[in-house]
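Notes for the structure review
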Number of protein chains: 4
Amino acid sequence: MASISDPLVTHELSLLERFQRVRRFTDLITGPLSAEDCMVQSMPDVSPTRWHMAHTTWFFETFILCHEEGSVFDQEFNYLFNSYYNAIGKQFPRPQRGLISRPSLERIKEYRSEVDRRMADFLAGPNVTQSIAQAVLIGLNHEQQHQELMLTDIKHVLSCNPTLPVYREGSFASGVTSSDHWSEFEEGMYEIGAFEGFAFDNESPRHRRFQESFRVAGSPVTCGQWIEFIEAGGYQRPNHWLAMGWTAVQEQQWDAPLYWVRQNDSWMVFTLAGLVPVRPEWPVCHVSYFEADAFARWSGSRLPTEFEWEVASREGAGNQFADQLWSAGQALHPAAEQPTRGAINQMMGSVWEWTSSSYAAYPGYSPPAGALGEYNGKFMCNQYVLKGGSVATSRDHVRPTYRNFFPPDARWQFSGLRLAH
Amino acid sequence: MASISDPLVTHELSLLERFQRVRRFTDLITGPLSAEDCMVQSMPDVSPTRWHMAHTTWFFETFILCHEEGSVFDQEFNYLFNSYYNAIGKQFPRPQRGLISRPSLERIKEYRSEVDRRMADFLAGPNVTQSIAQAVLIGLNHEQQHQELMLTDIKHVLSCNPTLPVYREGSFASGVTSSDHWSEFEEGMYEIGAFEGFAFDNESPRHRRFQESFRVAGSPVTCGQWIEFIEAGGYQRPNHWLAMGWTAVQEQQWDAPLYWVRQNDSWMVFTLAGLVPVRPEWPVCHVSYFEADAFARWSGSRLPTEFEWEVASREGAGNQFADQLWSAGQALHPAAEQPTRGAINQMMGSVWEWTSSSYAAYPGYSPPAGALGEYNGKFMCNQYVLKGGSVATSRDHVRPTYRNFFPPDARWQFSGLRLAH
Amino acid sequence: MASISDPLVTHELSLLERFQRVRRFTDLITGPLSAEDCMVQSMPDVSPTRWHMAHTTWFFETFILCHEEGSVFDQEFNYLFNSYYNAIGKQFPRPQRGLISRPSLERIKEYRSEVDRRMADFLAGPNVTQSIAQAVLIGLNHEQQHQELMLTDIKHVLSCNPTLPVYREGSFASGVTSSDHWSEFEEGMYEIGAFEGFAFDNESPRHRRFQESFRVAGSPVTCGQWIEFIEAGGYQRPNHWLAMGWTAVQEQQWDAPLYWVRQNDSWMVFTLAGLVPVRPEWPVCHVSYFEADAFARWSGSRLPTEFEWEVASREGAGNQFADQLWSAGQALHPAAEQPTRGAINQMMGSVWEWTSSSYAAYPGYSPPAGALGEYNGKFMCNQYVLKGGSVATSRDHVRPTYRNFFPPDARWQFSGLRLAH
Amino acid sequence: MASISDPLVTHELSLLERFQRVRRFTDLITGPLSAEDCMVQSMPDVSPTRWHMAHTTWFFETFILCHEEGSVFDQEFNYLFNSYYNAIGKQFPRPQRGLISRPSLERIKEYRSEVDRRMADFLAGPNVTQSIAQAVLIGLNHEQQHQELMLTDIKHVLSCNPTLPVYREGSFASGVTSSDHWSEFEEGMYEIGAFEGFAFDNESPRHRRFQESFRVAGSPVTCGQWIEFIEAGGYQRPNHWLAMGWTAVQEQQWDAPLYWVRQNDSWMVFTLAGLVPVRPEWPVCHVSYFEADAFARWSGSRLPTEFEWEVASREGAGNQFADQLWSAGQALHPAAEQPTRGAINQMMGSVWEWTSSSYAAYPGYSPPAGALGEYNGKFMCNQYVLKGGSVATSRDHVRPTYRNFFPPDARWQFSGLRLAH
């Protein structure tokens, strides 16, 4: 079980060691993929794997190696692999990333090697000031975010192939039933937001909130519970849905979580390890905010706010992170865990948990100066906060104050939910 | 100046008198319009005037007269004029409301008369319980909301006609320049939400918030300030915009507030009284949340939260409401007022003020039982709260705790902004 | 039975008498409609009735009264009521015609009266040269085309109203079963195109075609035959469809002709006289070219070319025209006729018959000079020729050389088919 | 100069030799492309190269090797690589072909090898009946059609990459100015359609046409002439355009042929050999039917009909075919030729020439029985006929009776035009 109070288990590593460790995990993730696989953009939200590989490298070249002598690898890359930094320059249109077959994957790998070599030299050198080190940390966390996207994007890509290819074989951990424990928290003033270690700007400033008393469920909502919702007509009647949610159900013809397939009267699910039967004790995932919210109302509960979740996380537990599952040869899919008595189980790793909080600035927040100021602030609109990390998140990437965010109809992340009262 | 502590200036009237007064104002509003005008749906958000006339009537027939004997006026109306109450039954598709030419306007007026007559009988009778009286009040406030929509919708309709017809002649009140006063408020626990008199469910429950200290501008942002923003390239550069906002600017080709027209190097604006020159001292209106937010950042300020606004409203003032302007023969357009020294001017009436708060449930909120539970709760997603009322709002309709809400790209309401720090 | 060799039964009338007769028929057609009905544009192809009323009037004002002194009725109308004449000036966007509520219907009627008065003066005067008289004839035929559109457009408008209003009551002529006669024509050189009397430019020049021998069916395809096609799975299997046609079937979910409604296991059809049971002996109508073509293949036949149809028309008959049905108090809907032995029945009036001919210029065709050159030529692309007229066509408007044309997915005209071999 | 009377220069080869020669040319075409290049679908009309490679192979496996023992290579391929044969089964949706990264390119090449091996065995064996040989010929011509598409599709793919990669270096043949010769043809009865050697079903049956006298230009329209059209405002004014064409100009913002780029006041063009200056003497290509038609009207001429073109082709010449240019190391781009005095130059090869003929069945045509009946007939709607072949066509693939066809807004083929009177 990951100790919540010690999220940064790697902080004794040097910056160079951390750099190399993070970069190496990208190699692991892209290992099972062919040049063809790395090309595909299956919807506008998805980027080709090769684009992620180049973009994360461009990030270090642009924001770190600018402090060092040496020419850029390829002038064109600044246009091709800039995601959304207007301060840096124009960007190649996002929905067309899948149309770019040159540079070749081989050349992108050379780009990675070359930047890795230059970064190693630079990080071993004398010019790494405190603020540059902070930018390197941002770059590493940025690459970890893209590692998660590589996994969720390639999952979507492969799901479009009628042969449903396996990304990587792996076993599924087994566990007993979920806990029916609810943890209670008293009303009072709480401090919210980042306080030590690395954090993104959107987790700051730490500030005070008055919070009324509340209860949080000891385990996330399971597939078994979701099947009850389906069988009770959850997707057939508008009763419990937000108006926009019900429109989404009808327009996108949702009748189960993304990747669920009905076969011979039972539910199968497409995972990164292929098509497998849905197991009732697993946390449900690949549901939208709309579905999470409707389920919560149907069950007579509600979603927690992001503040409640953060307060509750002091009792949180969880051990299904991408790097750990990978090392253990397990499938990158949220499975059951042995519940810890009295704890709030599977709160970290497993599935990102939708909260009812619209993604907004904390009081006193202002984006950092410079291009990196575009990292988070400009997306604070029409998105909802998710907390806790998932099976596609690295263990040292996430923390209780971490704020992930997606639009309310997004389903291709490992997104689930936990109930509150 | 409207006293904020006495928003319900009409509460000494009987329910029947209030009913008749509200219904009569609809007649005033529709008075200048031909049968042809009342047909048009100029975009999906807009409803034909005749639809508003019938729908508000259907509301009383469905939710009040069901408690009384007597047959419904026309069985078809329950399908044609139900807006979004799934609990009542299926609805005619909203974007097609402009295709329905029967019943005739004449018949819709008969419908209104007949329901008025039956309502008068009913309200004079013995069966008006407390809960029915509450539903009548909802019906009246509902009709007032639709009165505002009738005005903003017909404005949009007429703006599509290249001849730019006048809806109703009227003078524009003059005033001096805006105040540069800022009101300060101290940190502390504040009570937020409805506490007496009529209120919608979304204003409840009244609850405690911890609020850090803040300052609010003594006047709304003016057209003169907005012209500075335009001339500074506000619509040309992405710097201050939310990512979604900048996309909207480009896709919808915004370069000024809605209804502004450039003629011979000066700005004109289409109003309900026709095309007139923009006056720099007027509050700016018909701007989206995206524009309001970008302006605030550009000016080095920010939008207030809805909670800050509500706290600040105890010093608020304002006197431009629809019913008052109508009686006074003035144009239904936000003009300047004589600022009150030390007050937060034009906070009520004039323009709805965008806040930075996403529209969400208050802690402990749950929608009422029955069909009226669909009134507010199911829209709590991807919308932002506006406060204060506008020149299209009736004076006794609005109050400091009132929460209006629209999507962040909506511009056809009388929406402006006030800065905070 | 209309004599095909004498299509212009009115040619003994003076130009002024013809003008007044045609204009009066527009009054008859618009008689049953309210100001509200006249506003609606139910799809981009449909224009509001009031637009037709103004546009046909604008045509005379622009192309005839320009030869006379006197000011235009309203300067704005040249923009609002120009359909597609680039040579005249810019046009108000077609899909937004339904958004224009001013001028009022009353004012449009004044416009008609004023232009009628000026036209009467002008036609009685000395300045009507041969070429102006020709332009007047074009204007009259133009108005007759719009009379047909007024009927088909208002039918579509009313069909969008769930109460399915009746446009005008009327009886349905009865007849016996359709003829099983086939007329044969020998191979040889034939002359095709206009030769005497009024004709549109697209019917010229008259020219020679070599035609192989062919046979044409003695009656149009009936509703009874169409029901067989439906029951044989005609709309369920791609076998007999053009690729584009099959795409249309799936995207637009066609499973019967437009306006057919399944009720209690039998087919009903919405007509201008309301919803009535489909009668098997009636000619089928409101089918697209795609459907006509698929039916013909399914039945082992084919559609005739426009040249075959024109050659065959010398044996053609038919008596269901709009003006005749109107006078007789009959419904404007294709009904059965008493077949004439050995004739090609219901070839004129009843339904426009799709031919397999793409709408193209005749050899040597060039559009007339001036704005009227835009009348026909610029539409010669991706449309198919229909022949014969319909129940919405005036008797003196149509002739065997007449070429009507619509895109292959159009269904809102009275379009049917006749088989050939 | 290719002799028009001898189009099938390879007919002395055995069927096996022809099979191997055609299949080998696909290897040449795909040679310069990486696995990544072969993945891209840059618009719905374009298919990934790898899809073409597999589909052409599937064609032989499905229509020829079904006559032989042995199992199919992979059951999934029948779904993945069927283009549009409903009689064979369901097809993977065309616009999603670019999403399929498995099978790998390597595996598709194995598929080709395996089918080649089995085809060689089969063609060397005793079971090749006359009708099977005919199906093999269809398969070879089918692969040649896809070879042309591979070239035009990859050109479009590479043009989407801002680095504008070179597909294959090559020189550009030089020539003098175009001929100003016009060939005249007398009125009379002509035979049209296939009469000996291989031909597609849509070239039959051979039949008689009466043709009035006409003249055809001795050379195709050149880039120099097109620049005059541009500079005369051809793309700025609607005068000469079909209504649908003018809509396309505005919606798709055409201001020059596809692949033309304005750089420093001169025109460049993207070719398969990279970006090069436009040469005025080259035939213009990558223009739509709409542009070809507008140019012809602007120049006071017209496009020929397909029948005129076919009649005229007896005086036609041309020598720029894909296989010849490839062998000669020349760029696959239409360049100038030395005009032959009195001939109709560059009529074969160089550019496909738009005719004014809508693609339709010849009198008496009926599609063949079986799945191959879907090859041509079902596309006879809203397309226009092109004649003559292009630099992407193999020399032995095309002939004067050949009918190519594309929708009127298609531009990504090597499509140009020749004038007629």
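These numbers come from a predicted model, not from an experiment. (Residues numbered from 1 in each chain as written. Chains lettered and ligands numbered in written order. Predicted model: local features only at pLDDT ≥ 70, side-chain atom pairs only at ≥ 80, totals over all residues. Heavy atoms only, no water.)

**Observations regarding the overall build of chain A**
For chain A, the count of helices and strands is 10 helices and 11 strands. Here the C-alpha radius of gyration of chain A, 21 Å, is about what a compact globule of 421 residues would show, namely 22 Å. With the C-alpha coordinates aligned to their principal axes, the bounding extent of chain A is approximately 65 × 55 × 40 Å. Across the 421 residues that make up chain A, the buried fraction comes to 61%. Taking as baseline every contact in chain A between residues at least 6 positions apart, the subset at least 24 positions apart corresponds to 80%. When the accessible surface of chain A is totalled, it reaches about 15800 Å², and 49% of it is carbon and sulfur. Distance between charge centres in chain A, computed from 34 positive and 48 negative side chains, equals 1 Å. (Helix = DSSP H or I, 4+ residues; strand = E, 2+ residues; numbered from the N terminus. Rg over C-alpha atoms; globule rule 2.2 N^0.38 Å. Buried < 20%, exposed > 50% of the residue type's maximum accessible area, 1.4 Å probe, protein only. Contact = heavy atoms within 4.5 Å. Areas by Shrake-Rupley, 256 points an atom, 1.4 Å probe, with all protein chains shown as cover. Lys, Arg positive; Asp, Glu negative; His and termini not counted. Charge placed at Lys NZ, Arg CZ, Asp CG, Glu CD.)

**Some thoughts on the packing of aromatic side chains**
To describe a pair of aromatic rings, you give the distance between the ring centres and the angle between the ring planes. Applying the stated criterion to the full structure yields 158 aromatic pairs over all chains. Summarising the aromatic geometry, the rings of F198 of chain A and F200 of chain A are spaced 5.3 Å apart at their centres and angled 80 degrees between planes, so their arrangement reads as edge-to-face. Looking at F198 of chain A, the relative accessible area reads 8%, which means it is buried. Judged by its relative accessible area of 6%, F200 of chain A is buried. Judged by centre distance (6.3 Å) and plane angle (70 degrees), the ring pair of F59 of chain D and Y85 of chain D falls under edge-to-face. (Phe/Tyr/Trp six-rings, centres within 6.5 Å; stacked < 30°, edge-to-face > 60°.)

**Some words on the sheet that holds strand β6 (residues 266-271) of chain A**
All names here are of chain A. An order of β5-β6-β7 is seen for the three strands of this open sheet, with the pairing classed as antiparallel. At either margin of the open sheet sits one strand with a lone partner, and together these are β5 (260-263) and β7 (274-277). Strand after strand, the sheet turns through a mean of 35 degrees between neighbouring axes, direction not considered. Bridge count between β6 and β7: four bridges; the pairing is antiparallel. Following the sheet pairing, T271 is matched in β7 by G274. Along the sheet, helix α6 (residues 223-231) contacts β5 and β6; its crossing angle with β5, the most-contacted strand, is approximately 65 degrees. (Pairing = 2+ DSSP bridges. Axes fitted to C-alpha atoms, helices over the stretch in contact; angles between N-to-C directions.)

**Here's the deal with helix α5 (residues 130-159) of chain C**
An α-helix turns once per 3.6 residues; consequently, residues spaced three or four apart project the same way. With 30 residues, α5 of chain C should reach 44 Å at 1.5 Å per residue; the first-to-last C-alpha distance of 44 Å fits that figure. Within α5 of chain C, 24 of the 30 residues are buried, which leaves it mostly tucked inside the rest of the structure. (Expected span 1.5 Å × (residues − 1).)

**Some remarks on the sheet that holds strand β7 (residues 274-277) of chain D**
All names here are of chain D. One open sheet holds the three strands; their spatial order is β5-β6-β7, and the pairing between them is antiparallel. Edge positions in the sheet fall to β5 (260-263) and β7, since each has one partner strand and no second. Averaged over all pairs of adjacent strands, the angle between strand axes in this sheet comes to 35 degrees, irrespective of strand direction. Bridging between β5 and strand β6 (residues 266-271) involves four bridges; their strand directions are antiparallel. Bridging across to β6, W260 finds its partner in V269. In the packing of helix α6 (residues 223-231) onto the sheet, the strands contacted are β5 and β6, and the crossing angle to β5 comes to about 65 degrees.

**Overview of the pattern of salt bridges**
Summed over the entire model, instances satisfying the criterion amount to 84 salt bridges over all chains. Notably, a salt bridge pairs R102 of chain D with D37 of chain A, separated by 2.8 Å at the nearest N-O pair. Within this pair, whereas R102 of chain D is found in the loop between α3 (77-80) and α4 (105-124), its partner D37 of chain A is found in the loop between α1 (15-30) and α2 (49-63), the two belonging to separate chains. Accessibility expressed as a relative area gives 1% for D37 of chain A, which makes it buried. A salt bridge links D116 of chain C to R23 of chain C; its shortest N-O distance comes to 2.6 Å. With a gap of 93 residues between them, D116 of chain C in helix α4 (residues 105-124) and R23 of chain C in helix α1 (residues 15-30) connect regions that are remote in the sequence. R23 of chain C sits in the buried class, given a relative accessible area of 2%. A single salt-bridge network, built from bridges that share partners, covers R23, R112, D116 and E143 of chain A. (Salt bridge = Lys/Arg side-chain N within 4 Å of Asp/Glu carboxyl O.)

**Thoughts on the relation of the copies chain D and chain A**
Here chain D sits on chain A after a turn of 180 degrees about the axis and a move of 0.1 Å along it, with an RMSD of 0.0 Å. Both copies are brought into coincidence by an operation consistent with a two-fold rotation axis. Ranked by how close their C-alpha atoms come to the rotation axis, the residues of chain D are headed by E36 of chain D, at 2.8 Å. The residues that chain D uses at the interface reappear at the interface of chain A in 100% of cases, marking a shared surface. (Least-squares fit on C-alpha atoms with pLDDT ≥ 70 in both.)

**Describing the arrangement of the chains**
When C-alpha atoms are compared, chain A and chain C, though not in contact, are closest at a spacing of 15 Å. The closest approach of any C-alpha atom in chain B to one in chain D is 15 Å; the two make no contact.

**Some thoughts on the domain arrangement of chain A**
All names here are of chain A. One can read the domain layout of chain A as domain 1 (7-159) and domain 2 (182-416). Opposite the 38 residues of domain 1 that make contact, domain 2 presents 34 residues. If you sort the residues of domain 1 by the area they bury against domain 2, Y84, E148 and K155 come out on top, with a joint share of 22%. For the pair domain 1 and domain 2, the number of links is one salt bridge. (Domains from an automatic or database assignment. Buried area = accessible area lost by both parts, 1.4 Å probe.)

**Remarks on the packing of α6 of chain D against helix α8 (residues 289-298) of chain D**
Residues and elements named next belong to chain D. Interhelical geometry of α6 versus α8 gives an angle of 80 degrees and a closest axis separation of 11 Å. Regarding the angle of α6 to α8, the classification is roughly perpendicular. Residues Q225, W226, E228 and F229 of α6 lie in contact with α8, whose contacting residues are E291, A292, A294, F295 and W298. Of the residues contributing to the contact of α6 with α8, the split by class is six nonpolar, one polar and two charged. (Parallel < 35°, antiparallel > 145°, perpendicular 65-115°, else oblique. Nonpolar A, V, L, I, M, F, W, Y, C, P; charged D, E, K, R; others polar.)

**Re the confidence of the model for chain A**
Residues shown with low pLDDT carry predicted positions that ought not to be read at fine detail. Residue and element names in this part refer to chain A. Taken over all residues, the pLDDT of chain A has a mean of 94, while the share at 70 or more is 97%. Predicted confidence for residues 1-10 stays below pLDDT 50, and this span has 25 contacts to residues more than four positions away or in other chains. Per the prediction output, this complex has pTM 0.94; the corresponding ipTM is 0.94. (pLDDT = per-residue confidence, 0-100.)

**Let's talk about the relation of the copies chain B and chain A**
Superposition of chain B onto chain A requires a rotation of 180 degrees combined with a translation of 0.0 Å along the rotation axis, giving an RMSD of 0.0 Å. Most of the interface of chain B is mirrored in chain A, where 100% of its interface residues are also at the interface.

**Remarks on the interface of chain B and chain A**
Counting from both sides, the interface comprises 23 residues of chain B and, opposite them, 24 residues of chain A. Seen at the junction of chain B and chain A, the total is two salt bridges. The salt bridge partner of R208 of chain A is E187 of chain B, with a shortest N-O separation of 3.1 Å. The tally of links from chain B across to chain A stands at seven residue pairs in polar contact (both at pLDDT 80 or more). (Polar contact = N/O pair within 3.5 Å; in protein donor to acceptor, adjacent residues only side chain to side chain.)

**Brief notes about the environment of T30 of chain C**
Residue and element names in this part refer to chain C. Along the chain, T30 turns up in helix α1. Look at T30 and you get buried, because its relative accessible area is 10%. Here the alpha-carbon distance between T30 and I154, two residues 124 residues apart in the chain, equals 9.7 Å. Ignoring anything within four residues of it in the chain, the contact list for T30 reads T49, M53 and M150. Here D27 takes part through its backbone oxygen, which lies 3.3 Å from a polar atom of the side chain of T30.

**Thoughts on the interface of chain D and chain A**
Listed per partner, the contact involves 30 residues of chain D and 30 residues of chain A. The junction of chain D with chain A conceals about 2200 Å² of combined surface from both sides, 59% of it contributed by carbon and sulfur atoms. It is E36, L99 and R102 of chain D that lose the most area in chain D upon contact with chain A, and together they represent 32% of the buried surface on that side. Between the two partners, chain D and chain A, sit two salt bridges. Secondary-structure elements contributing two or more residues to the side of chain D that touches chain A are α3, α4 and α5 (130-159) of chain D.

**Here's the deal with the packing of helix α1 (residues 15-30) of chain D against α5 of chain D**
Residues and elements named next belong to chain D. As a packed pair, α1 and α5 sit with axes 10 Å apart at the nearest point and diverge in direction by 15 degrees. Compared by their axis directions, α1 and α5 come out roughly parallel. The way α1 lies across α5 gives a crossing that is left-handed. Note on element contacts: α5 touches α1 through A133, V136, L137, L140, E143, Q144, Q147, M150 and L151, opposite L15, R18, F19, V22, R23, F25, T26, I29 and T30. Classifying every residue of the contact of α1 with α5 gives 11 nonpolar, four polar and three charged. (Left-handed = near helix turned anticlockwise from the far one by under 90°.)

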